[in-house]
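Summary of structural features
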Amino acid sequence: MKMKLIAGMGTILWTLATLPVAGEVITRVATQEKCVALTFDACETKTPSWLDKTILDFVEKEQIPCTIFVSGKFAVRNRSELQRISRYEFIRLENHSLNHFQHMEKLSDEAQKREILEAEKLVEEITGRKPIFFRFPAGNHDANTLRVVQLLGYRVVHWTFPSGDPDRGETAPKLTRWVVSKATPGSILIFHINGRGYHTGEALPGIVRELKGKGYRFVSLEELIRLR
Ligand SMILES: [Zn+2]
């Protein structure tokens with residue numbers, strides 16, 4: 001009975017920890033624990049984009065918990081591969097809007113809802129699971145877009161600091177040095193897994209190795225948020 005009660009309390013606390021807080025954009029988690037969460041953007045704008053094989057091979061082989069924010073067009077183009085990787089418990093697919101409009105806040109409320117719900121439908125079809133986190137395209141939003149997303153039950157999760165990986169000049173050693181020096185307990189790391197993280201696949205093994213060497217653990221976004 002007592003155990004049941006404790007388990008029940010745990011579920012309640014966990015549910016509370018994952019509920020959206022009005023106006024909140026999560027960019028890091030306040031914790032003393034040396035944990036970080038790995039996230040990727042998988043968006044497609046003008047040119048066809050594919051999942052980055054080098055990154056994927058590495059996270060699959062090492063089973064590193066990660067969250068991939070997918071946009072609609074990308075989800076359609078990469079459907080079978082996304083379906084395949086979504087079977088892994090350590091890989092989560094979340095919502096990054098349907099069309100990846102750079103400024104969702106300029107759309108009408110109705111259009112914003114469509115952006116969120118149509119992408120949600122695609123992610124749910126692929127994974128069999130309703131996404132719970134949302135990331136704005138390019139991070140752009142205002143108080144109203146935030147309200148619209150949160151009313152649909154989402155928590156908005158951005159990043160602690162930009163990795164800079166869509167810059168071709170960010171070589172693997174530079175990327176590694178930057179990310180390893182900037183990461184702190186509770187950091188949410190962001191990279192691109194859509195072919196626009198030009199040196200990410202090359203840098204990631206070193207980043208993971210060095211952070212682990214400094215005592216960091218890679219945890220899922222859910223687990224990181226639960227640490228609050
Ligand atoms: Zn994006």
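This one's a predicted model, so the numbers in the text were calculated from it and none came from an experiment.

1. Things to note about the overall build of the protein
For the protein, the count of helices and strands is nine helices and eight strands. Taken over the C-alpha atoms alone, the protein extends approximately 50 × 45 × 35 Å along its principal axes. Counted over contacts in the protein with a minimum sequence separation of 6, partners at least 24 positions apart contribute 81%. For the protein, the distance from the average site of its 33 positive side-chain charges to the average site of its 27 negative ones is 3 Å.

2. Quick word on the packing of aromatic side chains
Counted according to the given criterion, the structure contains five aromatic pairs. With centroids separated by 6.3 Å and ring planes inclined at 45 degrees, the aromatic side chains of phenylalanine 40 and phenylalanine 191 adopt a geometry described as tilted. With phenylalanine 40 in strand E2 (residues 35-42) and phenylalanine 191 in strand E7 (residues 188-192), this pair connects stretches of sequence that are 151 residues apart. Residue phenylalanine 40 shares its accessibility class with phenylalanine 191, and that shared class is buried. Ring centres 6.2 Å apart and planes at 85 degrees place the aromatic pair phenylalanine 161 and tryptophan 178 in the edge-to-face group. Here phenylalanine 161 is found in the loop between strand E6 (155-157) and helix H7 (172-182), whereas its partner tryptophan 178 is found in helix H7, with 17 residues between them in sequence. In this structure an aromatic cluster arises from ring pairing among Phe134, Phe136 and Tyr154. The aromatic ring of tyrosine 154 is capped on one face by lysine 130, whose charged end is 5.3 Å from the ring centroid. Across the ring face of tyrosine 198, the terminal group of arginine 168 is positioned such that the distance to the ring centre comes to 4.0 Å.

3. Considerations on unusual backbone geometry
A positive phi angle, close to 55 degrees, is found at histidine 100, a residue other than glycine. Counting through the fold element by element, histidine 100 comes out in the loop between strand E4 (91-95) and helix H5 (109-127). Residue class for histidine 100 comes out buried when judged on its relative accessible area of 8%. Even without being glycine, alanine 138 reaches a positive phi, approximately 60 degrees.

Rules and cut-offs
- Residues numbered from 1 in each chain as written.
- Predicted model: local features only at pLDDT ≥ 70, side-chain atom pairs only at ≥ 80, totals over all residues.
- Heavy atoms only, no water.
- Helix = DSSP H or I, 4+ residues; strand = E, 2+ residues; numbered from the N terminus.
- Contact = heavy atoms within 4.5 Å.
- Lys, Arg positive; Asp, Glu negative; His and termini not counted.
- Charge placed at Lys NZ, Arg CZ, Asp CG, Glu CD.
- Phe/Tyr/Trp six-rings, centres within 6.5 Å; stacked < 30°, edge-to-face > 60°.
- Buried < 20%, exposed > 50% of the residue type's maximum accessible area, 1.4 Å probe, protein only.
- Lys NZ or Arg CZ within 6 Å of the ring centre and 35° of its normal.

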